[in-house]
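Descriptive analysis of the structure
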Amino acid sequence: MVEGIPEKGQLRTDDRAPVTRIPPSAKGEPLLRWFWVPEWDLPPGSVHGAFTLPFPACQLVVERDAVHIYGPVTRAWRRDLAGRGWAVGALLTPGAAHALLGEVMPWQDRTTPAKGAEHLHAEVTSVMDGTDQGRHPRAARLLEDWLVDEAGATVAADPEAVPARRLIDLADGDPTLLRVDDLARRLSMSERSVQRLARTHVGMSPGALIRRRRLQEAAARVREDPGADVASIAADLGYSDHAHLTREFRRVLGFTPTGYRAEREVDPPVS
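These numbers come from a predicted model, not from an experiment.

Brief notes about the packing of helix α4 (residues 161–173) against helix α5 (residues 180–187)
With their axes 11 Å apart at the nearest point, α4 and α5 run at an angle of 135° to one another. The orientation of α4 relative to α5 falls into the category oblique. Once α4 is placed against α5, the crossing between them reads as right-handed. Between α4, through Pro163, Arg166, Leu167, Leu170 and Ala171, and α5, the contact on the second element is made entirely by Leu183, Arg186 and Leu187. Looking at the contact of α4 with α5 residue by residue, the classes come out as six nonpolar, no polar and two charged.

Now the structure itself:
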C-alpha cells in the first residue's frame, strides 16, 4: 500500500492482476487524488473477475481502445479480465471533474469519451506496451500533464474547487461524520449549500458520500477479518443494526456480508 492512498475500494484482489497506485506530483494535486494502474497477463482460459466499489468521484481512464471519463457510480463495478491488458486511471478531484464535465450529477453511472485526448492515448499506449520497469509512473505523468493542460487553469479559477475538495476529503476520510448536518457544520456551510456543491462538483449527494465511506470500510473489515462479527462491524460504523448493514451490502454490492465472505473463500487460487 502506498502511504496516503487507501485500497478499500478493491473488493477482490488477485496477484495475477495487481494494481499500482501512484500519488500525483505537486502540480497534479489540485486535479487528482491518485493514479491507479492495473496490468495483467493471464494464461489462456484464465479469468480474473475485477470487483470494486469505487470511491465517490469521476475517473479519467486511458485504456487500449480509447480515453474515457467515468462518472461516479452508484453500485459496485465488475469486469472480467482475460489475456493481456492494462489501464491507466486518475481519480479526479471535484474541481477537475467539474472542469471536464460541467455539472457532474447528470454523469452518474455514465461514461463519455475524453475530448482532445487522441495524442494522450497514443503516448500512454506506447509506454504501456513497453517492458521497462518504469512504465507505470511514466504513463501516469503523461496523464497528469494532459490533465493539467486541459483543466488546470479552470480549476485554479473555480472558487468552489477548494471547498468541494474539502467536502470529499471530510466525507470520505472522517469516520466520526455520520450525518449531513455534521458535515455541513464542519464545512461552515448550510446543508442546502453542501447539497448543491456535491451535486455540481461530485455527482453524488452528501449522504451518499458518507454511506460509500462506511460501506467501503465495512467490506474491508469483512474481507480482512473472516472471523469478525457482522453485528459488531455494523455498530462500530454507525449502522442502526445488523439488518441495516446487510440491506446496504445487498443494494450496492449485490449480496450480503455473509455472501461476500463466502464468495471470497471460493476465489480461484493465485497461479
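Considering the sheet that holds strand β1 (residues 19–22)
A sheet is described by the order of its strands in space; here six strands give the open sequence β1-β2-β7-β4-β5-β8, paired in antiparallel fashion. Bordering the open sheet on either side are β1 and β8 (111–113), each of which pairs with just one other strand. The sheet shows a mean angle of 20° between the axes of neighbouring strands, direction not considered. As defined by bridge partners, β1 adjoins strand β2 (residues 32–41) across four bridges and the pair is classed as antiparallel. Note that in β2 the partner of Thr20 across the bridge is Val37. Running over the sheet, helix α1 (residues 94–101) touches β5 (67–70), β7 (84–92) and β8 and is turned about 105° from β7. Packed onto the sheet, helix α2 (residues 118–128) meets β2, β4 (59–63), β5 and β7 and runs at close to 130° relative to β7.

Considerations on the layout of surface pockets
Space inside the largest pocket adds up to approximately 720 Å³. Lining the largest pocket we find 36 residues, and of these Trp36, Thr52, Pro54, Gln59 and Trp77 sit closest to its centre. At the level of elements, β1, β2, β3 (47–52), β4, β6 (77–82) and β7 are the ones that each hand at least two residues to the lining of the largest pocket. In the lining of the largest pocket, the residues fall into 22 nonpolar, seven polar and seven charged. If you go around the second largest pocket, you meet 16 residues; those closest to its centre are Glu7, Gln10, Thr13, Arg21 and Arg223. Residue assignment for the lining of the second largest pocket shows that the elements contributing at least two residues are β1 and α7 (206–224). With four residues, the top contributor of residues to the lining of the second largest pocket is α7. Tallied by class, the residues present in the lining of the second largest pocket amount to six nonpolar, two polar and eight charged.

Overview of the environment of Asp129
Relative to the helices and strands, Asp129 resides in the loop between α2 and α3 (135–157). Spatially, the C-alpha atoms of Asp129 and Trp86 are 9.0 Å apart, while their sequence positions differ by 43 residues. Aside from chain neighbours lying at most four places away, what touches Asp129 is Arg64 and Trp86. Separated by 3.0 Å, the side chains of Asp129 and Arg64 make a polar contact.

Things to note about the confidence of the model for the protein chain
With 96% of its residues at a pLDDT of 70 or more, the protein chain has an overall mean of 92. Low pLDDT, under 50, characterises residues 266–271; the predicted model gives this stretch seven contacts beyond four residues in sequence or across chains.

Side note on the nonpolar core
Counting 33 residues, the largest nonpolar core has Leu60, Val62, Val88, Leu120, Val124, Leu143 and Leu147 as its most contacted members. When residues of this core are traced back to their parent elements, those giving at least two are β2, β4, β5, β7, α1, α2 and α3. Considering every element that reaches this core, the biggest residue donor is α3, with seven residues. In this view, Leu143 contacts Phe35, Leu60, Val62, Val88, Gly89, Ala90 and Leu120; residues no more than four positions away in its chain are not counted. In this structure, Ala219, Val222, Leu245 and Val252 belong to the second largest nonpolar core, which totals 20 residues.

A few points about the pattern of salt bridges
All told, the structure shown has 18 salt bridges when counted by the stated rule. Put simply, Asp132 and Arg138 hold a salt bridge, and the shortest N to O gap is 3.1 Å. The class of Asp132 is partly exposed, set by a relative accessible area of 30%. In the salt-bridge network here, residues are joined through shared partners; they are Glu217, Arg221 and Asp236.

Parameters and conventions
- Just so you know, the residues in each chain are numbered from 1, in the order the chain's sequence is written.
- Side-chain atom pairs in this predicted model are given and counted only at pLDDT of 80 or more, local residue features only at pLDDT of at least 70, and totals for whole chains, interfaces and linings cover all residues.
- Values shown for side chains rest on all heavy atoms present in the structure; no hydrogens or waters enter the calculation.
- Lines fitted to C-alpha atoms define the axes here, with helix axes fitted over just the stretch in contact, and angles between the N-to-C directions of these axes take values from 0 to 180 degrees.
- Secondary structure elements are defined from DSSP: runs of H or I of at least 4 residues count as helices, runs of E of at least 2 residues count as strands, and each element is numbered from the N terminus.
- Throughout, the term roughly parallel applies to angles under 35 degrees, roughly antiparallel to angles over 145, roughly perpendicular to angles from 65 to 115, and oblique to all others.
- The handedness criterion is simple: a crossing whose near helix is rotated anticlockwise from the far helix by less than a right angle is left-handed, and one whose near helix is rotated clockwise is right-handed.
- Here, residues are in contact when the closest pair of their heavy atoms is within 4.5 Å.
- Nonpolar residues are Ala, Val, Leu, Ile, Met, Phe, Trp, Tyr, Cys and Pro. Charged residues are Asp, Glu, Lys and Arg, and all others, Gly as well, are polar.
- Pairing between two strands requires that DSSP report at least two bridges joining them.
- Only protein atoms enter the 1 Å grid, on which a cavity is a set of points fitting a 1.4 Å probe that cannot get out and a pocket is an open set with protein on both sides within 12 Å along at least 5 of 7 lines, lining residues being those with an atom within 4 Å of a point.
- Grid points are joined across faces, edges and corners, and a volume is the space filled by probe spheres set on the points.
- As used in this structure description, the phrase polar contact means that two N or O atoms lie within 3.5 Å; if the pair is within protein, one of them must be able to donate a hydrogen and the other to accept it, and residues adjacent in sequence are counted only when both atoms belong to side chains.
- The pLDDT score gives, residue by residue, the confidence of the prediction method on a 0 to 100 scale.
- The nonpolar core is taken to be a set of buried Ala, Val, Leu, Ile, Met, Phe, Trp, Tyr and Cys residues, with the residues joined through side-chain atoms within 4.5 Å.
- The cut-offs for exposure are 20% and 50% of the maximum accessible area for each residue type, with area from a 1.4 Å probe on protein chains only; residues under the lower value are buried, those over the upper are exposed, and the others partly exposed.
- Within this document, salt bridges are pairs made up of a side-chain nitrogen of Lys or Arg and a carboxyl oxygen of Asp or Glu, the two lying within 4 Å of each other.

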